[in-house]
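Now for the letters of each chain:
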Amino acid sequence: MVDPRLPFPTRKVAVPDGSVEVYIIPDDQREAVFKKLYPFRPIPPLNRTVEDIHAEKKFKIKDFIVVREGSMNMLVSPYYFESGGSVIDWL
């Protein structure tokens, strides 16, 4: 599957097996991006607190990160670089 690139600049972040791109999303567009990428229904509000089950840490959804790995845009937790938690790992 090839996801179209989001219309935002990125920065590269080193990971153990190479690097990934992290989108730099303006605050005023974060909600729209979240709604576009969130795979479940209903869509929760950005101010909801969830837990990254891999990191065992809580965070506000508004602090999500979007990374581009290969040809995929992935909605991940702010602890992604320490635990690998994606949106499917949020409680």
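Within any chain, residue numbers begin from 1 and follow the written order of that chain's sequence. Residues qualify for local features only when their pLDDT is at least 70, as the model is predicted, and side-chain atom pairs are given and counted only at 80 or more; totals for whole chains, interfaces and linings, by contrast, use all residues. Each side-chain value is worked out from all heavy atoms of the structure, with water and hydrogens disregarded.

Digging into the overall build of the chain
- Each helix and strand in the chain was counted, giving 2 helices and 6 strands.
- Numbering of helices and strands runs from the N terminus; a helix is a DSSP stretch of H or I covering at least four residues, while a strand is a stretch of E covering at least two. For the chain, the α and β elements follow one another from N to C terminus as β-β-α-β-β-β-β-α.
- Against the compact-globule benchmark of 12 Å for 91 residues, the chain has a radius of gyration of 13 Å, which places it among compact chains.
- Seen through its C-alpha atoms, the chain measures out along the principal axes to roughly 30 × 25 × 25 Å. It is over C-alpha atoms that the radius of gyration is taken, and the globule rule equals 2.2 Å times the number of residues to the power 0.38.

A closer look at the pattern of salt bridges
- Whenever a carboxyl oxygen of Asp or Glu lies within 4 Å of a side-chain nitrogen of Lys or Arg, that contact is scored as a salt bridge. Applying the stated criterion across every chain, the model contains 4 salt bridges.
- Between K57 and E82 there is a salt bridge, with the nearest N and O atoms lying 2.8 Å from each other. Here E82 lies in helix 2 (residues 80–83) and K57 lies in strand 4 (residues 57–60), a separation of 25 residues in the sequence.
- Each residue is assigned to one of three classes by its accessible area relative to the maximum for its type, calculated with a 1.4 Å probe on protein chains only: buried under 20%, partly exposed between the two thresholds, exposed over 50%. Assessed through its relative accessible area of 34%, K57 is described here as partly exposed.
- Under the relative-accessibility criterion, E82 is labelled exposed at 53%.

A few points about the sheet that holds strand 1 (residues 10–15)
- Between any two strands, pairing holds if DSSP finds at least two bridges. The strand order 1-2-5-6 describes an open sheet built from 4 strands, whose pairing is antiparallel. One side of each edge strand has no neighbouring strand; the edge strands of this open sheet are strand 1 and strand 6 (72–76). Sheet twist, expressed as the mean angle between neighbouring strand axes with direction ignored, is 35 degrees.
- With 6 bridges connecting them, strand 1 and strand 2 (residues 18–23) associate as antiparallel partners. Across the sheet, residue V15 finds its bridge partner in strand 2, namely G18. Only the stretch in contact is used when fitting a helix axis, every axis being a line fitted to C-alpha atoms; angles between N-to-C directions are given from 0 to 180 degrees.

Side note on the nonpolar core
- For the purposes of this section, nonpolar cores are sets of buried Ala, Val, Leu, Ile, Met, Phe, Trp, Tyr and Cys residues that join through side-chain atoms within 4.5 Å. Of all hydrophobic cores here, the largest spans 16 residues; its most connected members are I25, V33, F34, F64, V66, L75 and W90.
- Filtering out sequence-adjacent residues up to four positions away, F64 remains in contact with I25, R30, V33, F34, L46, L75, V76 and W90.
- Ranked by size, the runner-up nonpolar core spans 8 residues in total, among them V13, V22, V67 and Y80. Here, residues are in contact when the closest pair of their heavy atoms is within 4.5 Å.

Some details on the packing of aromatic side chains
- The aromatic pairing rule takes the rings of Phe, Tyr and Trp, using the six-membered ring of Trp, and pairs them if the centres are within 6.5 Å, calling planes under 30 degrees apart stacked, those over 60 edge-to-face and the rest tilted. Under the defined criterion, the tally for this structure stands at 6 aromatic pairs.
- Aromatic side chains Y38 and F40 sit 5.6 Å apart centroid to centroid with 80 degrees between the ring planes, which places their arrangement in the edge-to-face category.
- Ring centres of Y80 and F81 lie 5.2 Å apart, and the angle between their planes is 75 degrees; on these two criteria the pair is classed as edge-to-face.
- Aromatic rings pair up to connect F34, Y38, F40 and F64 into one cluster.

Read these as layout, nothing more, since geometry by itself doesn't imply function.
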